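Here are the chains, one letter per residue:
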Amino acid sequence: MSHFDTNPLILMSAPNGAYKTQADHAALPMTPNELAATAKQCLDAGANMLHLHIRDAQGRHSLDVQGYRDACAAVRQAVGDALVLQVTSEA
């Protein structure tokens, strides 16, 4: 039995970051629906947690509370409580 067989492992995915855009990578999730679909893919790949950033209407990094509520609601609809969500607080 290895060390990994007896100790819990938490895998966090951070699929989008704050500053890259779809111009940098076409599949970068930026909208609540894109984040929800990505969250499901991360869960299916074995992730336990999701760290996410949201964007404003122009695609810029945002700390908007309602924007985070919308994104988290979309993710919860896609994965339920199966992932721990961590939203950024970076300014």
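Residues numbered from 1 in each chain as written. Predicted model: local features only at pLDDT ≥ 70, side-chain atom pairs only at ≥ 80, totals over all residues. Heavy atoms only, no water.

**Student:** Looking at this structure, how should I read the sheet that holds strand β2 (residues 49-52)?
**Tutor:** Paired through their backbone hydrogen bonds, the strands of a sheet run either parallel or antiparallel. The parallel open sheet is built from 3 strands, whose spatial order is β1-β2-β5. Only two strands of the sheet have a single partner each, and these edge strands are β1 (12-13) and β5 (84-87). Direction of pairing for β2 relative to β5: parallel, over a ladder of 4 bridges. Residue His51 lies in a different strand from β5, and its bridge partner there is Gln86. (Pairing = 2+ DSSP bridges. Helix = DSSP H or I, 4+ residues; strand = E, 2+ residues; numbered from the N terminus.)

**Student:** For this particular structure, what's the right way to read the side chain of Ser13?
**Tutor:** By the element assignment, Ser13 lies in strand β1. The contacts of Ser13, once residues within four sequence positions are left out, are Cys42, Ala47, Met49, Leu50 and His51. (Contact = heavy atoms within 4.5 Å.)

**Student:** In this structure, what is going on with the nonpolar core? I would like to understand it.
**Tutor:** A general feature of soluble globular proteins is that nonpolar side chains tend to end up buried together. Leu50, Leu52, Val75, Leu83 and Leu85 are the most contacted members of the largest nonpolar core, which has 14 residues in total. At the level of secondary structure, the elements contributing two or more residues to this core comprise α2 (32-44), β2 and α3 (65-79). Per element, the largest residue contribution to this core is 5 residues, and it comes from α3. (Core = buried A, V, L, I, M, F, W, Y, C linked by side-chain atoms within 4.5 Å. Buried < 20%, exposed > 50% of the residue type's maximum accessible area, 1.4 Å probe, protein only.)

**Student:** Can you help me understand the packing of α2 against α3 in this one?
**Tutor:** The packing of two helices is summarised by the inter-axis angle and the distance between the axes. Remark: α2 packs on α3, axes separated minimally by 8 Å, with the N-to-C direction vectors making an angle of 40°. The angle between α2 and α3 falls in the class oblique. As α2 packs across α3, the resulting crossing turns out to be right-handed. In this structure, α2 contributes Pro32, Asn33, Leu35, Ala36, Ala39, Lys40 and Leu43 to the contact, and α3 contributes Asp70, Ala71, Ala74, Val75, Ala78 and Val79. Partitioned by chemical class, the residues of the contact of α2 with α3 number 10 nonpolar, 1 polar and 2 charged. (Axes fitted to C-alpha atoms, helices over the stretch in contact; angles between N-to-C directions. Parallel < 35°, antiparallel > 145°, perpendicular 65-115°, else oblique. Left-handed = near helix turned anticlockwise from the far one by under 90°. Nonpolar A, V, L, I, M, F, W, Y, C, P; charged D, E, K, R; others polar.)

**Student:** Explain α3 here, please?
**Tutor:** For an α-helix, 3.6 residues make a turn, and residues three or four places apart therefore share a direction. The end-to-end C-alpha distance of α3 is 21 Å, a good match for the 21 Å that 15 residues give at a rise of 1.5 Å each. Check the buried side of α3 and you find it contacts α2, β2, β3 (54-55), β4 (61-62) and β5. Sitting at the amino-terminal end of α3 is Asp64, which places a side-chain oxygen 3.3 Å from the backbone nitrogen of Gln66. Directly beyond the C-terminal end of α3, a positive phi value near 60° is found at Gly80. (Expected span 1.5 Å × (residues − 1). Polar contact = N/O pair within 3.5 Å; in protein donor to acceptor, adjacent residues only side chain to side chain.)

**Student:** Explanation requested: the pairing of β2 in the structure shown.
**Tutor:** Two faces belong to every sheet, and in a regular strand the side chains alternate between them. By the alternation rule, side chains of β2 split into Met49 and His51 and Leu50 and Leu52, which are all buried. The pairing of β1 with β2 spans 2 bridges and is classified as parallel. Bridged to Ser13 within β2 is Leu50. Viewed along the sheet, the connection from β1 through α2 into β2 turns out right-handed. (Right-handed = clockwise from strand over helix to strand, strands pointing away.)

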